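Below are the chains, spelled out letter by letter.
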Amino acid sequence: MVLTRRALGKVSLGGVASRTLLAQSSVPVAVQLYSVRQIAAKDLPGVLAEVAKLGYKGVEFAGYHGHEAPAVRKMLDENGLKVAGTHIGLDMLLGDNLQKTLEFNKTIGNKNLIVSSMPRKYSASAAGWKEAAQVFNEISDKVRPQGFTVGYHNHTQEFQLVEGQTPFEIFFGTAKPAVKVQLDVGHAKRAGADPVQVINRYKGRVISIHVKEYSPDKPEPILGEGSIDWKGVFSALERNGGIEWYIVEEEGKSCVDYNCIQTAIGQLKKMGKA
């Protein structure tokens, strides 16, 4: 993906004053629908309509609340929304489930299949993480010819040492480059990792991030209330390439209705990223 940015510079205002322009990003912004899961479970069409009104260009799914693929596609098209990805269990990419999963996602227009957590059988040891990476390699080899990408989404455990290495290093060091990174910035920071260093290390491999805040003082900060160097994060992503989506996820208990995702996209607009 070729990214374009408006150069950082100054413009003259009537020859008297000048102001600095924010760097503009061509990377679209989506919302992980887990952020509004309680509303979506009751009224997915209404949620998609509201998300579009707020200015989001896409959504990432975490379940479809009983709706079949053609109905989901119709809702998306009616609201001009794209699919940034779907969070899915590893079991849905194995055996007989795989082709069903691909058919569903082809219908809704999604190509990014993101496994959102690692089964315990793989996550308990370094050997398990290596084995998981080989499983992902095999899945990737099967889905890529059909236009799909498989990736993995981190929580905090992936940055906590196992036998002297982090699971993140073990897994992505073993997996082929075709197995992509979805970096949850808030979880990575909470675990003590430097998101910018992670992005630079896996240059071009990070296809999406979860724009999630972290604060050492607030248990559930919303975007703009924390200590993450967002300027550095966005700069590294756009410099290294490969990034397809910025995906807002707000999980806090204080996030009711649409208040948090509305605040988040407002903050991204101030940053020049929405």
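None of these values were measured; they are calculated from a predicted model.

Trainee: Which residues make up the environment of Ile265, and what are the values?
Mentor: Looking at where Ile265 falls in the secondary structure, it is placed in helix α11 (residues 259–270). Given a relative accessible area of 2%, Ile265 falls into the buried group. Expressed as a C-alpha distance, the spacing of Ile265 and Val29, which sit 236 residues apart in the sequence, is 8.3 Å. Ile265 has contacts with Leu54, Gly55, Tyr56 and Ala274, leaving out every residue within four places of it along the chain.

Trainee: Summarise the side chain of Thr101; cite the residues concerned and give the values.
Mentor: Note on placement: Thr101 falls in helix α4 (residues 97–108). Ignoring sequence-local partners within four residues, the contact set of Thr101 consists of Ile88, Met92, Leu93 and Leu113.

Trainee: Could you give me a rundown of the pairing of strand β4 (residues 58–61), with the residues and numbers involved?
Mentor: Here β4 shows a buried face lined by Gly58 and Glu60 and a second buried face lined by Val59 and Phe61. Bridge analysis of strand β3 (residues 29–32) against β4 gives three bridges, and the strand direction is parallel. By the bridge assignment, Ala30 is partnered in β4 with Gly58. Note that β4 and strand β5 (residues 82–88) share four bridges and pair parallel. Within the sheet, the bridge partner assigned to Glu60 lies in β5 and is Gly85. Handedness of the crossover joining β4 and β5 through helix α3 (residues 69–79): right-handed.

Trainee: How would you summarise the pattern of salt bridges if you had to cite specific residues and measurements?
Mentor: Per the stated rule, a full pass over the model turns up ten salt bridges. One salt bridge in this structure joins Asp77 and Arg73, with 3.2 Å as the shortest N-O distance. Taken as a pair, Asp77 and Arg73 lie in helix α3 at a separation of four residues, close to a single helical turn. Arg73 gets classed as partly exposed once you look at its relative accessible area, which sits at 32%.

Trainee: An account of the state of the cysteines is requested, with residue identities and associated values reported.
Mentor: Disulfide: a covalent bond formed between the sulfur atoms of two cysteine residues. Summed over the entire model, instances satisfying the criterion amount to one disulfide. The disulfide partner of Cys255 is Cys260, and the gap between their sulfur atoms is 2.1 Å. The sign of the S-S torsion, about -85 degrees, decides the handedness of the disulfide formed by Cys255 and Cys260: left-handed. Looking at Cys255, the relative accessible area reads 15%, which means it is buried.

Trainee: Could you give an account of the nonpolar core, with specific residues and numbers?
Mentor: By size, the foremost hydrophobic cluster in this structure holds 79 residues, and its most contacted members are Leu33, Tyr56, Phe171, Leu183 and Ile209. The dominant element in this core, judged by the number of residues it contributes, is helix α6 (residues 126–143), at eight residues.

Trainee: Account for α3, with residues named and values stated.
Mentor: Three or more residues of α3 are buried, namely Ala69, Val72, Met75 and Leu76. For α3, the arc enclosing every buried residue in end-on projection is 125 degrees, short of the 170-degree limit, so these residues lie on one face. What points out from α3, more than 90 degrees from its buried face, is the exposed set Pro70, Lys74 and Glu78. Looking at the packing, one finds that the buried side of α3 touches α2 (44–54), β4, β5 and α4.

Trainee: Break down the packing of aromatic side chains for me, with residues and values.
Mentor: Taken as a whole, this structure holds 14 aromatic pairs when the rule is applied. The interplanar angle of 90 degrees and the centroid separation of 4.9 Å between the aromatic rings of Phe136 and Phe171 together place this pair among those described as edge-to-face. Taken as a pair, Phe136 in helix α6 and Phe171 in helix α7 (residues 167–174) lie far apart in primary sequence, 35 residues in all. Taking the relative accessible area as the measure of exposure, Phe136 reaches 0% and is therefore buried. One aromatic cluster in this structure is built from Trp129, Phe136, Tyr152, Phe159, Phe168, Phe171, Phe172 and Tyr202. Over the ring of Tyr34 we find Arg37; its NZ or CZ atom is 3.9 Å from the centre of that ring.

What counts, and at which threshold
One numbering rule holds for all chains: residues counted from 1, following each sequence as written. Two thresholds apply to this predicted model, a pLDDT of at least 70 for residue-level local features and 80 or more for giving and counting side-chain atom pairs, whereas whole-chain, interface and lining totals are computed over all residues. Excluding hydrogens and water, the side-chain values take into account all heavy atoms of the structure. A run of DSSP states H or I qualifies as a helix once it reaches four residues; a run of E qualifies as a strand once it reaches two. Both are numbered from the N-terminal end. Buried, partly exposed and exposed residues are distinguished by accessible area as a fraction of the type maximum, computed with a 1.4 Å probe on protein chains only: under 20%, between the cut-offs, and over 50%, respectively. Only heavy atoms matter for contacts: two residues are in contact if any of them lie within 4.5 Å across the pair. Between any two strands, pairing holds if DSSP finds at least two bridges. A crossover counts as right-handed when, viewed with the strands pointing away from the observer, the path leading from the first strand over the helix to the second turns clockwise. Here a salt bridge means any side-chain nitrogen of Lys or Arg lying within 4 Å of a carboxyl oxygen belonging to Asp or Glu. Cysteine sulfur atoms that pair up within 2.5 Å are treated as a disulfide. By nonpolar core is meant a set of buried Ala, Val, Leu, Ile, Met, Phe, Trp, Tyr and Cys residues that side-chain atoms within 4.5 Å join together. The arc under discussion is defined with respect to the helix axis, by the directions toward the C-beta atoms. By convention, a stacked pair of Phe, Tyr or Trp rings (six-membered ring in the case of Trp) has centres within 6.5 Å and planes under 30 degrees apart, an edge-to-face pair has planes over 60 apart, and any other such pair is tilted. Any Lys NZ or Arg CZ found within 6 Å of a ring centre and within 35 degrees of that ring's normal is scored as a charge over the ring.

Structural measurements only, silent on function.
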